[in-house]
Amino acid sequence: MQIPILRMKINNKVWNYIKDYFYYHRISDTPVILNINDDCKGDQKRAVICYLTYSFLCDWGSTNIGRTQPFEIMKIVKTISGFGYAVDIIGCNDLKALVVLKNRKYDLIFGFGEAFYQMTNLHPNAKSILYMTENTPDFSYKQEKERIDYFYQRHGRKINLRRSGKYFKKHHLDKLYSHVITMGEAELLQNSYNNPKSIFPTGLRNIRYSFTEKNHLQSRNNYLWFGSTGAIHKGLDILLDVFYKRDDIILHICGLDKKERKILNIRQKDNIIEHGYVDVNSDAYLELIQKCTYIILPSCSEGFSTAVTTGMLHGLIPIVIKDTGFNRAGDNVILLEDYKVDYLAETINELSCSDPHELSKLSKKVFDFAQENFSLEAFENHFRKIMTEII
């Protein structure tokens, strides 16, 4: 008996014995999903989405995912299915899935990551749509390297790249795809594509929240950093250096990774408050946004941070770095031209002295803009419009 066949038989016996012990794990961790919207006729157009699979594996009524992507993916699948495609889904970097799909023919390949790149090579005649959820890798590498160097210059500690290159690698953009849709700055893609499409991401919403006036005379001194991994990429180290020197302004930190907290070596200070992980659907989040006027994220390169869209959906005024996706939000955001400590300190000083009446008007304006642009309904409508133009 050939060794591969023997190995498969052994694996099957072991799996049949142990699989019931991992029943719930199997439900939530399926790497490949096949045949969504398949009409069983055999001549249907077929699409593969290279992104995430667990959108279709979770009980959203009892699971708090804390992320926007799973819901956006369901809208993407719904839209592509609506154009008559049977849809398969794999992880964006799952190369083992390519073996599972090797005998399938695709007319449309959508997504990003190494799996997307390899699929477009395997199916050169398929329509390919690169979905950029971040800025271009060249831009991201350069910006994050600058932040790492700046951190070393100030604190004498070397760290590695944390965010750049995880999903979007330079060689992925060495080839041209049929189309590109970006959440970042479309201008970064105009040298390669005649008409790069832009789309806003969604944000998370606390369903119990309704816009109310707040005391901006007090809350204008409170700033929320709402993040996760990549704290230096997202500028938290710079904010800490600003707030260490002040006592009259308060920085609220949510979602900081424990390993990165050790890297940052955050000092105990009354005006720097760590809240840990805060569920957007919780009372704690509602209390927090009532305390703060601003959400601040001096990130060096993101494609329209959903932490910020979430804050905007609750009336927080966003302070973000120019060219990180928010340029097209116009006067609904405060765009920072630089990221250095002195510049941020001066800007925060000015913002903390802003007229409370003007802040109240801006907060309502931001809230209305967010409701119009960052809902799942808006995302679905915009995505369908883009796909209509493409398909």
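Residues numbered from 1 in each chain as written. Predicted model: local features only at pLDDT ≥ 70, side-chain atom pairs only at ≥ 80, totals over all residues. Heavy atoms only, no water.

### Digging into the side chain of R147
Inspection of the secondary structure puts R147 in helix α6 (residues 137-155). Of the side chains with opposite charge, D237 lies nearest to the buried R147, which makes no salt bridge, at 5.6 Å. Within the structure, the side chain of R147 is placed 2.8 Å from the backbone oxygen of P298, a separation counted as a polar contact. Residue contacts for R147: discarding those within four places in its chain leaves I232, H233, G235, I238, P298, S299, C300, I321 and Y339. (Helix = DSSP H or I, 4+ residues; strand = E, 2+ residues; numbered from the N terminus. Buried < 20%, exposed > 50% of the residue type's maximum accessible area, 1.4 Å probe, protein only. Lys, Arg positive; Asp, Glu negative; His and termini not counted. Salt bridge = Lys/Arg side-chain N within 4 Å of Asp/Glu carboxyl O. Polar contact = N/O pair within 3.5 Å; in protein donor to acceptor, adjacent residues only side chain to side chain. Contact = heavy atoms within 4.5 Å.)

### As for the pattern of salt bridges
Across all of its chains, the model carries 19 salt bridges by this definition. Two residues, K78 and E380, come together in a salt bridge whose shortest N-O distance is 2.9 Å. Taken together, the positions of K78 in helix α3 (residues 69-82) and E380 in helix α14 (residues 376-390) put the pair 302 residues apart, joining distant regions of the chain. For K105, the salt bridge is made with D107, and the minimal N-O distance between the two is 3.2 Å.

### Examining the side chain of H123
Tracing the chain through its elements places H123 in the loop between α5 (113-122) and β5 (127-132). Aside from chain neighbours lying at most four places away, what touches H123 is R104, K105, Y106 and I109.

### Comments concerning empty space enclosed by the protein
To find leftover empty space, a probe the size of one water molecule is rolled over the atoms. Per the stated rule, a full pass over the model turns up 1 cavity of 30 Å³ or more. Of the volumes computed, that of the largest cavity is approximately 30 Å³. What lines the largest cavity is F112, G113, F116, Y117, L130, F168, H172 and Y177. Sorting elements by how many residues they give to the lining of the largest cavity places α5 first, with 3 residues. The class makeup of the residues in the lining of the largest cavity is 6 nonpolar, 2 polar and no charged. (1 Å grid on protein atoms, 1.4 Å probe; cavity = no way out; pocket = protein on both sides within 12 Å on 5 of 7 lines; lining within 4 Å. Points joined across faces, edges and corners; volume = space filled by probe spheres on them. Nonpolar A, V, L, I, M, F, W, Y, C, P; charged D, E, K, R; others polar.)

### Here's the deal with the packing of aromatic side chains
Applying the stated rule across the entire model yields 20 aromatic pairs. Between F110 and F383 the ring centres are 5.7 Å apart and the planes differ by 90 degrees, which places this aromatic pair in the edge-to-face class. With F110 in strand β4 (residues 108-111) and F383 in helix α14, this pair connects stretches of sequence that are 273 residues apart. Accessibility expressed as a relative area gives 0% for F110, which makes it buried. Relative to F374, the ring of F304 has its centre 5.5 Å away and its plane inclined at 65 degrees; by these criteria the two rings are edge-to-face. Of the two residues, F304 sits in the loop between β11 (294-297) and α11 (306-312) while F374 sits in the loop between α13 (356-373) and α14, which places them 70 residues apart along the sequence. F374 shares its class with F304; the two are buried. What links up through ring pairs into an aromatic cluster is the set Y51, F110, F112, Y131, Y167, F168, F379 and F383. The ring of Y85 has K45 sitting right over it, with the charged end atom 4.5 Å from the ring centre. Above the ring of Y244, the side-chain terminus of R267 is found at 3.8 Å from the ring centroid. (Phe/Tyr/Trp six-rings, centres within 6.5 Å; stacked < 30°, edge-to-face > 60°. Lys NZ or Arg CZ within 6 Å of the ring centre and 35° of its normal.)

### Concerning the pairing of strand β3 (residues 86-91)
Counting buried residues in β3 gives 6 out of 6 residues, a clear majority hidden from the surface. Pairing between strand β1 (residues 32-36) and β3: 3 bridges, direction antiparallel. Looking at the pairing, V32 lines up with I90 of β3. Here 6 bridges tie strand β2 (residues 46-51) to β3, and the two strands are oriented parallel to one another. Each bridged residue has a counterpart across the sheet, and for C50 the counterpart in β3 is I90. (Pairing = 2+ DSSP bridges.)

### Here's the deal with the sheet that holds β4
Ordered by their spatial adjacency, 7 strands build an open sheet running β1-β3-β2-β4-β5-β6-β7, and the pairing between neighbours is mixed. Unpaired on one side and paired on the other, β1 and β7 (197-198) mark the two borders of the sheet. Sheet analysis places β5 next to strand β6 (residues 179-182), joined by 4 bridges and oriented parallel. Residue pairing across strands places Y131 opposite I181, the latter belonging to β6. Across the sheet, α3 touches β1, β2, β3, β4 and β5, and the angle it forms with β2 is around 170 degrees. (Axes fitted to C-alpha atoms, helices over the stretch in contact; angles between N-to-C directions.)

### Comments concerning a nonpolar patch on the surface
Residues W15, Y17, Y21 and F22 make up a contiguous nonpolar surface patch of about 530 Å² in total accessible area. Along the chain, F22 turns up in the loop between α1 (3-18) and α2 (23-28). (Patch = residues over 30% accessible without salt bridge, like charges linked within 9 Å, V, L, I, M, F, W, Y side chains within 5 Å. Areas by Shrake-Rupley, 256 points an atom, 1.4 Å probe, with all protein chains shown as cover.)

### Brief notes about the sheet that holds strand β8 (residues 222-226)
Taking strand neighbours across the sheet as the criterion, the 6 strands line up as β10-β9-β8-β11-β12-β13 in an open arrangement whose pairing is parallel. Each having just a single partner strand, β10 (272-276) and β13 (334-336) make up the two edges of the open sheet. Here the average twist between neighbouring strands, direction ignored, is 25 degrees. Taken together, the 5 bridges between β8 and strand β9 (residues 250-254) define a ladder with parallel strand orientation. The residue of β9 that forms the bridge with Y223 is L251. The sheet contacts of helix α12 (residues 341-351) involve β8, β11, β12 (317-321) and β13, and relative to β13 the element is tilted by about 160 degrees.

### Concerning the pairing of β2
In terms of burial, β2 is a largely internal element, 6 of the 6 residues being buried. The alternating pattern of β2 places R46, V48 and C50 on one face and A47, I49 and Y51 on the opposite face, and all of these are buried. With 4 bridges joining them, β2 and β4 adopt parallel strand pairing. Residue pairing for β4: I49 is matched across the bridge by F110.

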